[in-house]
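What follows is the residue order along each chain.
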Amino acid sequence: MSPESIEKFNKLNKIAEPYDALLFDVDGTLADNISAHKAAYVATAAEYNVLLDDSLIDETAGWPTIAVAKEICIRYNTTFDVHEFSKRKSAIFIEQFIQQTQPIDYVVEHLKYQIGKKRIAAVSGGTRSTLTITLTVLGVLDKLETLVCAGDTPNGKPSPEPFLLAAEKLQVDPAKCLVYEDGIPGVQGALAAGMGAVRIDQL
């Protein structure tokens, strides 16, 4: 790791000290793959004759893919099957982009360092199939005690429901959980769940 990454790694370890469980977002937090996800959204939207401005993906960071698809329909005044769009986007991402996934080194190393010290889970708006491959590429799938993803709760981020489900599965008080995120919706959900939150992109 670079000196800057080591400094951030040490900072994360200090922030985590008072907590019993650590809940990690995946895309943009553990995985440096937001540009790949944006490209997959743009390619999928093009198949629906939508010229997508990928800044919408920054705005909706952490939302389930179906929710993003609904937002695209609203913004671009169009209609399509959001479930089909979601499946197609996942397929394009897996086919064309997923193997390019790189770790955000100081977050992945922090997760590995905390194994055995804290309970560890991932909470993401992505689909289970895509996340399983992403986490395998990063080498951390087998380090997680539980994985909460799109469809596991009635509402995704920024709802607190995914985070509360993860705490319930880990049998840890929400107040003793720390959430790692790279976007506003995830932080909103974490705080609504009564958890601590850290923006890894603002360390």
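Before going into details, it helps to say that this report is about the structure given with it. (Residues numbered from 1 in each chain as written. Predicted model: local features only at pLDDT ≥ 70, side-chain atom pairs only at ≥ 80, totals over all residues. Heavy atoms only, no water.)

Within the largest apolar cluster, 27 residues are counted, with the highest numbers of intra-cluster contacts made by Phe24, Leu30, Val107, Leu135 and Tyr180. Of all the elements in the fold, those that place two or more residues in this core are helix H1 (3-16), strand S1 (21-24), helix H6 (105-113), strand S4 (119-123), helix H7 (128-138) and strand S6 (177-181). No other element matches the 4 residues that H6 contributes to this core. What Phe24 contacts, discounting residues up to four positions off in sequence, is Leu30, Val107, His110, Leu111, Ile120, Ala121, Ala122, Val123 and Tyr180. Residues Val123, Leu170, Val179 and Met195 belong to the second largest nonpolar core, which totals 16 residues. (Core = buried A, V, L, I, M, F, W, Y, C linked by side-chain atoms within 4.5 Å. Buried < 20%, exposed > 50% of the residue type's maximum accessible area, 1.4 Å probe, protein only. Helix = DSSP H or I, 4+ residues; strand = E, 2+ residues; numbered from the N terminus. Contact = heavy atoms within 4.5 Å.)

Of all the residues in helix H8 (residues 161-170), the buried ones are Pro162, Phe163, Leu165, Ala166, Ala167 and Leu170. Against the buried residues of H8 lie S1, S4, strand S5 (146-148), S6 and helix H9 (184-192). Note on H8: the residue one or two positions beyond its end, Gln171, has a positive phi of about 60 degrees.

For the coordinates displayed, the defined rule picks out 6 aromatic pairs. Relative to Phe80, the ring of Tyr48 lies with its centre 4.7 Å away and its plane at 45 degrees, an arrangement referred to as tilted. Of this pair, Tyr48 sits in the loop between helix H2 (34-47) and helix H3 (55-59) while Phe80 sits in the loop between helix H4 (65-75) and helix H5 (82-97), and the two are 32 residues apart along the sequence. Since its relative accessible area comes to 23%, Tyr48 is described here as partly exposed. Here Phe80 and Phe85 contribute two aromatic rings whose centre-to-centre distance is 5.0 Å and whose plane-to-plane angle is 15 degrees, an arrangement assigned as stacked. Neither Phe80 nor Phe85 differs from the other in exposure class; each is buried. The rings of Tyr41, Tyr48, Phe80 and Phe85 are connected pair by pair, giving a single aromatic cluster. Here Lys89 stacks its cationic end above the ring of Phe93, 5.2 Å away from the centre of that ring. (Phe/Tyr/Trp six-rings, centres within 6.5 Å; stacked < 30°, edge-to-face > 60°. Lys NZ or Arg CZ within 6 Å of the ring centre and 35° of its normal.)

What follows deals with the pattern of salt bridges. Taken as a whole and assessed by the stated rule, the structure comprises 13 salt bridges. A salt bridge links Asp25 to Lys157; its shortest N-O distance comes to 3.0 Å. Of this pair, Asp25 sits in the loop between S1 and strand S2 (31-32) while Lys157 is found in the loop between S5 and H8, placing the two residues 132 residues apart along the sequence. Here Asp25 falls in the buried class, since its relative accessible area comes to 4%. A salt bridge links Lys38 to Asp58; the shortest N-O distance between them is 2.9 Å. On the criterion of sequence distance, the pair formed by Lys38 in helix H2 and Asp58 in helix H3 is long-range, its members being 20 residues apart. Beyond isolated ion pairs, a larger network of salt bridges with shared partners links Asp25, Lys157 and Glu181. (Salt bridge = Lys/Arg side-chain N within 4 Å of Asp/Glu carboxyl O.)

Running from N to C, H4 and H5 cross one another at 120 degrees; their axes reach a closest spacing of 9 Å. Of the possible angle classes, the one that applies to H4 and H5 is oblique. For H4 against H5, the interelement crossing comes out right-handed. Two secondary-structure elements touch here, H4 through Thr65, Ile66, Ala69, Lys70, Ile72 and Cys73 and H5 through Val82, His83, Phe85, Ser86 and Lys89. Across the contact of H4 with H5, the residue classes tally to 6 nonpolar, 3 polar and 2 charged. (Axes fitted to C-alpha atoms, helices over the stretch in contact; angles between N-to-C directions. Parallel < 35°, antiparallel > 145°, perpendicular 65-115°, else oblique. Left-handed = near helix turned anticlockwise from the far one by under 90°. Nonpolar A, V, L, I, M, F, W, Y, C, P; charged D, E, K, R; others polar.)

On to the sheet that holds S5. Here we have 5 strands laid out as an open sheet, ordered S5-S4-S1-S6-S7, and parallel in their pairing. Looking at the sheet topology across the chains shown, the edges are occupied by S5 and strand S7 (196-199). Neighbour to neighbour, the strand axes of the sheet diverge by 25 degrees on average, direction disregarded. Direction of pairing for S4 relative to S5: parallel, over a ladder of 3 bridges. Note on S5: the bridge partner recorded for Ala121 is Thr146. H8 contacts S1, S4, S5 and S6 of the sheet and is inclined by roughly 160 degrees relative to S5. (Pairing = 2+ DSSP bridges.)

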